[in-house]
Amino acid sequence: MTQTWQRWWHSDLGYSFRTSPLAIAAALIAFVCIFCSVFAAWVSPTNPFDLATLELSDARLPPAWMQGGSTKYVLGSDDQGRDILSALIYGARISLVVGVASVLVSVLVGVSMGLLAGYRGGWIDTMLMRLCDVMLSFPAILVALLIAGVGRALFPNADESLAFGVLIISISLTGWVQYARTVRGTTMVERNKEYVQAARVTGVSSGRIMLRHVLPNVLGPVMVLATIQVATAIITEATLSFLGVGVPPTSPSLGTLIRVGNDYLFSGEWWITIFPGLMLVLIALSVNLLGDWLRDALNPRLR
């Protein structure tokens with residue numbers, strides 16, 4: 001593990017990272033957010049979704065530095081007496097899980113479709129690309145709203161795991177198209193190169209060629225796209241939750257917290273919605289900055 005880290009640190013990619021202050025700052029912010037989300041049970045001051053710990057008498061308290069605030073609630077409390085800081089940590093964990101899971105599903109489906117269409121060509125390529133055109137003709141958020149709404153209507157009493165699954169599928173349904181089109185174009189270039197022709201001559205099967213030879217050479221654009229799409233998926237999940245068709249109310253994400261705080265925004269309790277909004281912007285911005293750095297670092301023309 002240490003040798004692998006040292007090799008990466010002294011590689012071109014590692015040099016590009018350590019000489020980019022913006023990438024380092026974005027990585028630190030993303031690391032802190034991910035660390036706090038993964039270890040929320042230990043990092044968070046309280047469990048905001050444990051009903052036994054809620055105190056309604058502490059509802060809508062301002063941040064600790066404002067008049068009337070309490071050091072018990074550093075960023076204030078919401079309408080149910082939940083600690084805003086703890087709610088942010090737990091809510092960010094849900095948003096990150098849904099965002100990363102939906103991107104993984106999109107990558108798996110999109111890369112598979114793109115490899116098959118680019119390598120095989122013919123009617124398979126035509127059919128898959130027309131399917132991509134159809135999917136791109138619908139706004140992603142509209143498709144996600146439709147799938148999430150239909151899923152909630154078909155399974156009104158579903159448990160949280162099924163609700164999360166429907167949400168992940170609704171976000172992934174249009175996300176895979178960009179990976180498929182990107183991988184297809186790169187695969188069409190790679191399939192005519194000498195190393196692929198040599199593998200064919202030696203009798204290597206098409207599936208093995210796609211997985212062992214072509215796939216490693218098309219992962220660069222996929223990594224960049226996946227990094228940027230994580231931020232997009234998180235924002236999409238927050239939008240769905242804000243509209244009331246996202247995660248269950250018993251496990252609110254950042255979008256749900258923003259929707260709840262929106263009712264109190266103009267009554268003076270601005271912290272209930274502002275802090276979740278800032279947290280969402282911080283996560284999305286840091287991930288996008290990392291994606292931009294990775295795109296430039298992997299592009300030899302920009303070195």
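Residues numbered from 1 in each chain as written. Predicted model: local features only at pLDDT ≥ 70, side-chain atom pairs only at ≥ 80, totals over all residues. Heavy atoms only, no water.

**Student:** Quick rundown of the overall build of the protein? Include the residues and the values.
**Tutor:** Assigned secondary structure in the protein consists of twelve helices and zero strands. Scanning the protein from its N terminus toward the C terminus, one meets helices and strands in the order α-α-α-α-α-α-α-α-α-α-α-α. Counting only C-alpha atoms and orienting by the principal axes, one finds that the protein spans roughly 75 × 50 × 30 Å. Counting across all 303 residues of the protein, residues that qualify as buried make up 43%. At a minimum sequence separation of 6, the contacts of the protein that also span at least 24 residues come to 69%. Working note: accessible area of the protein is about 16,100 Å², and carbon and sulfur atoms make up 66% of it. Here the protein contributes 20 positive and 18 negative side-chain charges, whose respective centroids are spaced 16 Å apart. (Helix = DSSP H or I, 4+ residues; strand = E, 2+ residues; numbered from the N terminus. Buried < 20%, exposed > 50% of the residue type's maximum accessible area, 1.4 Å probe, protein only. Contact = heavy atoms within 4.5 Å. Areas by Shrake-Rupley, 256 points an atom, 1.4 Å probe, with all protein chains shown as cover. Lys, Arg positive; Asp, Glu negative; His and termini not counted. Charge placed at Lys NZ, Arg CZ, Asp CG, Glu CD.)

**Student:** Run through the state of the cysteines, naming residues and quoting values.
**Tutor:** Covalent bonding between the sulfur atoms of two cysteines defines a disulfide. Applying the stated criterion to the full structure yields zero disulfides. Cysteine Cys33 remains unbridged, with the sulfur of Cys36 as its closest cysteine sulfur at 7.1 Å. (Disulfide = S-S within 2.5 Å.)

**Student:** Break down the nonpolar core for me, with residues and values.
**Tutor:** Grouped together as the largest cluster of nonpolar side chains are 52 residues, with contacts concentrated most on Val98, Leu254 and Ile283. A total of 14 residues in this core trace back to one element, the largest contributor, which is helix α10 (residues 206–242). Ile124, Met129, Met135 and Val177 belong to the second largest nonpolar core, which has nine residues in total. (Core = buried A, V, L, I, M, F, W, Y, C linked by side-chain atoms within 4.5 Å.)

**Student:** Could you give an account of the packing of helix α9 (residues 194–201) against α10, with specific residues and numbers?
**Tutor:** At a minimum axis distance of 11 Å, the contact between α9 and α10 shows a crossing angle of 175 degrees. It follows that α9 is roughly antiparallel to α10 by the angle criterion. Along the contact surface, α9 presents Tyr195, Val196, Ala199 and Arg200, while α10 presents Ile209, His213, Val214 and Asn217. Classifying every residue of the contact of α9 with α10 by side-chain character gives five nonpolar, two polar and one charged. (Axes fitted to C-alpha atoms, helices over the stretch in contact; angles between N-to-C directions. Parallel < 35°, antiparallel > 145°, perpendicular 65-115°, else oblique. Nonpolar A, V, L, I, M, F, W, Y, C, P; charged D, E, K, R; others polar.)

**Student:** Talk me through the confidence of the model for the protein; I want residue IDs and the actual numbers.
**Tutor:** Per-residue confidence for the protein gives a mean pLDDT of 82, with 93% of residues at or over 70. Of all helices and strands in the protein, the one with the weakest mean pLDDT is helix α1 (residues 2–9) (70), whereas helix α5 (residues 84–120) scores best (89). (pLDDT = per-residue confidence, 0-100.)

**Student:** With reference to specific residues and values, describe the packing of aromatic side chains.
**Tutor:** One pass over the full model with this rule turns up seven aromatic pairs. For the pair Trp65 and Phe275, a centre-to-centre distance of 6.3 Å together with 85 degrees between the ring planes defines the contact as edge-to-face. Residue Trp65 is located in the loop between α4 (40–43) and α5, and its partner Phe275 is located in helix α12 (residues 271–297); the two are separated by 210 residues in the primary sequence. Look at Phe275 and you get buried, because its relative accessible area is 13%. Both rings, one in Trp270 and one in Phe275, keep their centres 5.7 Å apart while their planes meet at 55 degrees; by these two values the pair is tilted. Chaining the aromatic ring pairs together yields one cluster made of Phe31, Phe35, Phe39 and Trp42. (Phe/Tyr/Trp six-rings, centres within 6.5 Å; stacked < 30°, edge-to-face > 60°.)

**Student:** Can you explain a nonpolar patch on the surface? Please cite residues and give values.
**Tutor:** Residues Phe31, Val32, Ile34, Phe35, Val38, Phe39, Trp42 and Val43 make up a contiguous nonpolar surface patch of roughly 820 Å² in combined accessible area. Elements with a contribution of two residues or more to the nonpolar patch: α3 (21–38) and α4. Ranked by the residues each element gives to the nonpolar patch, the list is headed by α3, at five residues. Its place among the elements puts Ile34 in helix α3. Accessibility expressed as a relative area gives 45% for Ile34, which makes it partly exposed. (Patch = residues over 30% accessible without salt bridge, like charges linked within 9 Å, V, L, I, M, F, W, Y side chains within 5 Å. Salt bridge = Lys/Arg side-chain N within 4 Å of Asp/Glu carboxyl O.)

**Student:** Which residues make up the environment of Leu254, and what are the values?
**Tutor:** Positionally, Leu254 belongs in helix α11 (residues 254–262). Judged by its relative accessible area of 0%, Leu254 falls in the buried class. Leu254 sits 27 residues away from Thr227 along the chain, and the two C-alpha atoms are 20 Å apart.

**Student:** Please set out the side chain of Ser286 residue by residue, giving values where relevant.
**Tutor:** With respect to the secondary-structure elements, Ser286 resides in helix α12. Ignoring anything within four residues of it in the chain, the contact list for Ser286 reads Ala26, Ile29 and Ala30.

**Student:** Residue-level account of the side chain of Ser253, with values.
**Tutor:** Here Ser253 shows up in the loop between α10 and α11. Look at Ser253 and you get buried, because its relative accessible area is 0%.

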